[in-house]
Structures are given as C-alpha cells and as structure tokens.
Amino acid sequence: MTKPEGLPDHIQHYIGGELVDSVSGETFDVLDPTTNEPYITCAAGDKADVDKAVAAARKAFDEGPWPRMLPRERATYLYKIADEVTKMHERLAARESFDSGLPIRQASGQAKRAAENFRFFADLIVAQIDDAFKMPGRQINYVNRKPKGVAGLITPWNTPFMQESWKLGPALASGCTVVLKPAEFTPLSAGLWVEVMENAGIPEGVFNIVHGMGETAGDALVKHEDVNLISFTGEAATGRVIFGNCAPTMKSMSMELGGKSPAIVFADCDFEAALDSTLFGVFSLNGERCTASSRILVERPIYDKFVEAYAERAKKVKVGEPSNPDTEIAALVHPSHYEKVMDYIEIGKSEARLVAGGKRPEHLPVGNYVEATVFADVAKDARIFQEEIFGPVVAITPFDTEEEAIELANAVEYGLAAYVWTSNITRAHRVSHEIEAGMVWINSHNVRDLRTPFGGVKASGLGQEGGYRSLEFYSIQQAIHVCLGDVHTTRFGASGYADNDLGLGGPGA
Ligand code: NAD
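Reference entry: report on the structure contained in this document. Position labels on residues start from 1 in each chain and follow its written sequence. Note on the predicted model: pLDDT of at least 70 is required for a residue's local features to be given, and 80 or more for side-chain atom pairs to be given and counted; whole-chain, interface and lining totals, by contrast, use all residues. To obtain the side-chain values, all non-hydrogen atoms of the structure were used and water was disregarded.

Some points on empty space enclosed by the protein
Computed over the protein atoms alone on a 1 Å grid, cavities are sets of points where a 1.4 Å probe fits but cannot get out and pockets are open sets with protein on both sides within 12 Å along at least five of seven lines; a residue lines them when it has an atom within 4 Å of a point. Grid points are joined across faces, edges and corners, and a volume is the space filled by probe spheres set on the points. On inspection of all chains with the given rule, the structure shows 6 cavities of 30 Å³ or more. Listing elements by their share of the lining of the largest cavity, those giving two or more residues are α5 (110-127), α6 (160-174) and β11 (229-233). Residues of the lining of the largest cavity, tallied by class, amount to 6 nonpolar, 6 polar and 4 charged. In this model, the second largest cavity occupies a volume close to 60 Å³. Taken together, G259, K260, G287, R289, C290, A292, S294, E388, I389, F390, G391 and V393 form the lining of the second largest cavity. Nonpolar residues are Ala, Val, Leu, Ile, Met, Phe, Trp, Tyr, Cys and Pro. Charged residues are Asp, Glu, Lys and Arg, and all others, Gly as well, are polar. In terms of residue class, the lining of the second largest cavity is made up of 5 nonpolar, 4 polar and 3 charged. Strands are runs of DSSP state E lasting at least two residues, helices are runs of H or I lasting at least four, and both sets are numbered from the N terminus onward.

Below you can see the structure in the form of structure tokens.
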C-alpha cells in the first residue's frame, strides 16, 4: 500500500525528553499488513532501556513539577495535549490505518476520541472532591489524594493510539509520570505522542516510551522495583503472566483483557436493529475488538430467518485495502495473527455450519485479508464458541428459553461485554443482571459514556476503570486523622486504665 506522507524510516524510544535508540542498538522490523513487507524499523528495548526510562520518570516524579501542580494547572496541559491530538487527526488516521490495517473510515474517529480522553480527565480533576469525615469536637478525618508514582502502561495493537490515550489521560491527570510500552506490531502512531507531548510543553521525564517485545521490554517494566503500578490491556494469557510478575514488587494492577461477548437476540426484538448491530459489532475494526459480539445467541422462532439474513449481509461486507474509504474490513494486523484467525476458521469448519466467508477473498491474493465469516449451529463446547478469535468470525447458536440464553451467555471463561436485544423491558433488565459481564448494552450497540465503569469480570479483567474509577487507580488516598480536642490516650506505664481512656474518638474508630 502507498505509504502515508512524512513517515520516518525508523522509530526510537523517548526517554527523559530525548529520542534515543536502544542501548543494545537492537531493532525490529515493522510490517505493512497489506503486503507483510517490512516498511520501517523500530528500536527494540530491553531491561537497559526500561531502566533508563524508569529512572527518568522517577526523577520527574520525585523532583519535577508534574505531581506537585494544582489540578487546574495540570488540566491546562491536558487540554493542550487534546488540542495537539485533534490537530493531527488526519495524519493519525492515515498512520493508524497503514500500520494496523484498520479501514481508514474506522481509523478516522480515533483522534477525536483520544483527545476527548484528555479533556474528560482534565475536567474531572478540576471538579474532584475528596471525602472528609467529622466527629464533632473530637476529630476530623480527610483524604489526602496523591499520585501513585511511576506508572507502567502496556498496550495492545488494536486501535493502539486510542488505547494508549485511555491510560495516558487518567495517569497524567492524576499526577503520575509514565513509561509507555506500546504493542510491537503497531509502534507507528505511538511516535506521534512525542510531538504531542513536546508541543503541549509536558515537562521532561513525565512521559517516556520504550518500544520492544512484550517478553523483554514489557517484562522489564512489570518487574521494575521503581514502577508503582501496571495498567495492562491485552490477552488474558499475558495478563496471567503479568499478574504473577507484579507480585514480588506488590504493584497495583489494572487489567483489561480479552472477551467472547454474547449478543442475545430474543424473538420480540427489533429484528433489523439487532441485525445491523450484531454485524457491526463483530466485523467493525476487522473484528479485532475486545468487546466484539462474537457469539450471537438467537431465540429459536427467529433463528433460521436471522441466520439467513445475517449470512446474506456478511457476504456483502466489503473487504479491501485499508486506505479505501469504501472498505468495511481491511487487513488483519500481522501475518501471525492472520494465521491464528485462519486456523480458527478451519477448526470452525469441523465444528459447525459455515454460512458465509471462510477464506481469503479472491481479489486480494496478498496481505492479511479474510472474508467476514459466519458459523451457525455452533455448540457450547465448540472451540469457536469458547475461545477469543479476535478477527471477523462469528458464532451463531440457537436457544429456546431465557434460562438457556443466560446459561449459554455465561458458559465461557470471559466476561467483558454483552448485548441484549428484546422489546420486553423487564426481561431486558432481568437478563442483563444475570449475565456475567462487566458491561451490558440493551438494544444498543457499543457506545460508551466516559463516566461509566469500563472493565470485565472473570478472565476479562481485574478492576474497573472509567470516570473517577480511573483516577482512583492512579492515586493513593491517604487518610489524615486530626484530633480537634483533648487527646485521650490510655496512659500505659502511668496510672493504668481509666474508663474513658478506651474510647479513641468515636464510632468505628
Ligand atoms: P498481548 O497480550 O499479546 O499484548 C499486549 C501488550 O502486552 C503488548 O504491548 C505486548 O508487547 C505486551 N506483553 C506481552 N507479553 C508480555 C509480558 N510477558 N510482560 C509484559 N508485557 C507483555 O495482546 P494483543 O494481542 O496485543 O492484544 C489483543 C488482546 O487485547 C485481545 O485479547 C483483546 O481482547 C485484548 N484487549 C482488551 C481490551 C479491554 O479493554 N478489555 C481492549 C483492547 C484489547
């Protein structure tokens, strides 16, 4: 594919306000997903580079102005970041689409959303109030909020810039300094943060990037003694490894992991709306979407009609070059991911009924292209029902009763999102409450207000972010207790216990 204008030949780390190569001099190739040819090299960081970046972030935290600024002042910088991100809207979309294989139209909303993350958290810190508890005449207790320290941010390759902004926004707003380790498949757009942060005047060392493999650069960040928290988004299997590796240094962790989210379609739903949403839900962003409705559970009376209509639409989904504005599904991010998705399609052919797609489109002989693929009659124990494929592949399964729908929805290890389609409002709520998922959308596709909780249950994650919850994760809430009257202390070594010495100030104290 034609390279967007102005691409660098090489991507470097950003440490302590400087662009640098790896201490070892090592690099890795980044591939164009439409040809799988290397198009750029990237510095491959390891422990030595992480040590440098963490030292810079630590210095900025311990000695620099960032954690000490008043919320209003930090918010002003966050607004500048948002403005810088907005300005590069077109450049970002072109790079993101080129590097990750996202259709250009779907990449073009990313800058707006990323900028919004900074504006949103800027507003929150200015408006934030902290708790104070009063015991009249005796004590006042208040919360002294402090940033947690150096934040290690590890992000995936799907909509990478936006995912990075989800972590950078609240981390920086809280006053943390950060080391970002972007996904190795898609380092291109992360390079734009350097320009954003410099133009916004973010003090040196507050923001650092180390590129490289998860097992080396990511691992060193997770195990580093001077990193206070890890915010991770990626696969559940990686999350499990990181969870273990955080234990020796007792880091705070936030984990946004994989999903196999169900869409439950009842016979009384708005059929066309459910059809549109479930198609978009799994085929947008190339199906490389954590909240994809990759399992569709359909009530028996409309099952055949739904499968037929769904397959017909899926056959017409346009697979094409990422830069073509008509493209609906473009190239999967990397040949290894393409192989994984194709393997699942072959597994699916032996487990269920293929009703659409199932192969590379004939007009695209090179690159990581795959047709919108639909399997029907998928059994609960099928691998394509249970495992996250993270591509444009959907499993459709019939159900007969509400209980069975809930049982099927919950029959996987994941619990990220769910979608319920019905015109019966009582049932919509009842079913939503029974689903083991962090987020449920009723008669809606995936639109999220930034104030709402975001996160999964079971193998889909640990902790919830969104709104003030994100700020909680990046802050320490220190309780300060102040005595307002005479101090009543039991006088050890003096005259022994007196009745009124045992009260320490009030209820619950
Ligand atoms: P991944 O787990 O392979 O990699 C994610 C990041 O972790 C990368 O930066 C990688 O280099 C790093 N990493 C890998 N091994 C590591 C290790 N041992 N120590 C430290 N870092 C390590 O995930 P991916 O393939 O990049 O992303 C796709 C996955 O992310 C899917 O499972 C998807 O569902 C999930 N995801 C979840 C959400 C959510 O919010 N829940 C959002 C987007 C993506």
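Okay, back to it.
A few points about the layout of surface pockets
Taken as a whole, the largest pocket spans an internal volume of roughly 780 Å³. Residue lining of the largest pocket: 32 residues in total, with W157, F232, G234, E235 and T238 positioned closest to the centre. A breakdown of the residues in the lining of the largest pocket according to their chemical character gives 13 nonpolar, 11 polar and 8 charged. The computed volume of the second largest pocket comes to approximately 570 Å³. In terms of lining, the second largest pocket is formed by 21 residues, of which the most central are R113, M162, L285, R289 and N446. Taken together, the elements giving at least two residues each to the lining of the second largest pocket come down to α5 and α6. Here the element with the most residues in the lining of the second largest pocket is α6; it accounts for 3 residues. The residue inventory of the lining of the second largest pocket, partitioned by class, reads 7 nonpolar, 10 polar and 4 charged.

Concerning the site of the ligand
Nearness here has a simple test: a residue counts as near a molecule or strand if at least one of its heavy atoms is within 4 Å of that partner. Among the 30 residues in the neighbourhood of the ligand, the closest are listed as K181, E184, T238, L257 and E388. At 2.5 Å, a side-chain N or O of E184 approaches an oxygen atom of the ligand. In this structure, T238 approaches the ligand through a side-chain N or O atom, which is 2.6 Å from an oxygen atom. Areas reported here follow the Shrake-Rupley algorithm with a probe of radius 1.4 Å; residue values treat only the protein chains shown as occluding. In the complex, the protein chains occlude 93% of the 860 Å² of accessible area that the ligand would expose alone. Those molecules having more than half of their atoms within 2 Å of a cavity or pocket grid point set are described as sitting in that cavity or pocket. One can see that the ligand is located within the largest pocket. Within 3.5 Å is the distance limit for a polar contact, defined as a pair of N or O atoms, with the added protein rule that one can donate a hydrogen and the other accept it, and that residues adjacent in sequence qualify only through two side-chain atoms.

So, the sheet that holds strand β7 (residues 139-147)
At least two bridges found by DSSP between two strands are what make those strands a pair. Reading across the sheet, the 3 strands line up as β6-β7-β23 and stay open at both edges, with antiparallel pairing between neighbours. The sheet is open, and its two edges are formed by β6 (132-135) and β23 (475-483), each paired on a single side. Averaged over all pairs of adjacent strands, the angle between their axes in this sheet comes to 20 degrees, without regard to strand direction. Of the strand pairs in this sheet, β6 and β7 are connected by 4 bridges, and their pairing is antiparallel. Considered in β7, the bridge of F133 is made with N141. Working convention: axes come from line fits to C-alpha atoms, limited for helices to the stretch in contact. Angles between N-to-C directions cover 0 to 180 degrees.

Quick notes on the side chain of T397
Take T397: it is sitting in strand β17 (residues 393-399). Note on classification: 1.4 Å probe, protein chains only; a residue is buried when its accessible area is under 20% of the maximum for its type, exposed when over 50%, partly exposed between these limits. Under the relative-accessibility criterion, T397 is labelled buried at 4%. By definition, residues are in contact when any of their heavy atoms lie within 4.5 Å. Setting aside residues no more than four positions away along its own chain, T397 makes contact with I296, L297, V298, Y303, V378, F385 and L408.

Focus: unusual backbone geometry
Look at D377: it is not a glycine, yet its phi comes out positive at around 55 degrees. Within the secondary structure, D377 sits in the loop between β16 (373-376) and α13 (383-386).

Section: the pattern of salt bridges
The rule for a salt bridge is simple: a side-chain nitrogen of Lys or Arg has to be within 4 Å of a carboxyl oxygen of Asp or Glu. The final tally for this structure, using the stated rule, is 24 salt bridges. In this structure, the salt-bridge partner of R58 is D62, at a minimum N-O distance of 3.3 Å. Here D62 and R58 lie together in helix α1 (residues 47-63), a separation of 4 residues that amounts to about one turn. Residue classification places R58 among the buried positions, given a relative accessible area of 16%. D62 sits in the partly exposed class, given a relative accessible area of 42%. The salt bridge involving E436 is made with K458; its shortest N-O contact spans 2.6 Å. Taken as a pair, E436 in the loop between α15 (425-434) and β20 (439-442) and K458 in strand β21 (residues 457-458) lie far apart in primary sequence, 22 residues in all. Accessibility expressed as a relative area gives 37% for E436, which makes it partly exposed. Salt bridges sharing partners connect three or more residues here, namely R58, D62 and D226.

Observations concerning the sheet that holds β16
Strand pairing in a sheet relies on backbone hydrogen bonds. The paired strands run either parallel or antiparallel. On the basis of which strands lie adjacent, the open sheet formed by 7 strands has the order β15-β16-β17-β14-β13-β19-β20 and mixed pairing. Each end of this open sheet is capped by a strand with a single partner; those strands are β15 (353-356) and β20. Shown here is a sheet whose adjacent strand axes are inclined to one another by a mean of 20 degrees, direction ignored. When β16 meets β17, the two strands line up parallel, connected through 3 bridges. Pairing of V374 across the sheet is with V394, part of β17. Taken strand by strand, helix α14 (residues 402-409) contacts β13 (262-265), β14 (295-299) and β17, and its axis lies near 150 degrees from that of β17.

Remarks on α15
Buried within α15 are the following residues: R427, A428, V431 and S432. Along the long axis of α15, the arc covered by the buried residues comes to 130 degrees, so they all point the same way. Across α15 from its buried face, at more than 90 degrees, point the exposed residues I425, T426 and H433. Contact partners of the buried residues in α15: β13, α14, β19 (417-421) and β20. This arc corresponds to the set of directions leading from the helix axis out to the C-beta atoms.

Digging into the environment of G485
Following the sequence through the fold, G485 ends up in the segment after β23. The exposure class assigned to G485 is partly exposed, which follows from its relative accessible area of 35%. Linking G485 and R119, residues 366 residues apart in sequence, is a C-alpha distance of 43 Å. Those residues within four positions of G485 in sequence are excluded, and the remaining contacts are G137 and R138.

As for the nonpolar core
The tendency in soluble globular proteins is for nonpolar side chains to be buried as a group. Buried residues of nine kinds, namely Ala, Val, Leu, Ile, Met, Phe, Trp, Tyr and Cys, make up a nonpolar core once their side-chain atoms join them within 4.5 Å. Membership of the largest hydrophobic core comes to 56 residues, with the highest contact counts inside it found for V179, L221, I230, I242, I264, V378 and I384. When residues no more than four places from it in sequence are discounted, the contact partners of I384 are K260, Y344, G348, E351, A352, F375, V378, I389 and A395. Core analysis: the second largest hydrophobic core is formed by 47 residues, I81, F121, A190 and V194 among them.

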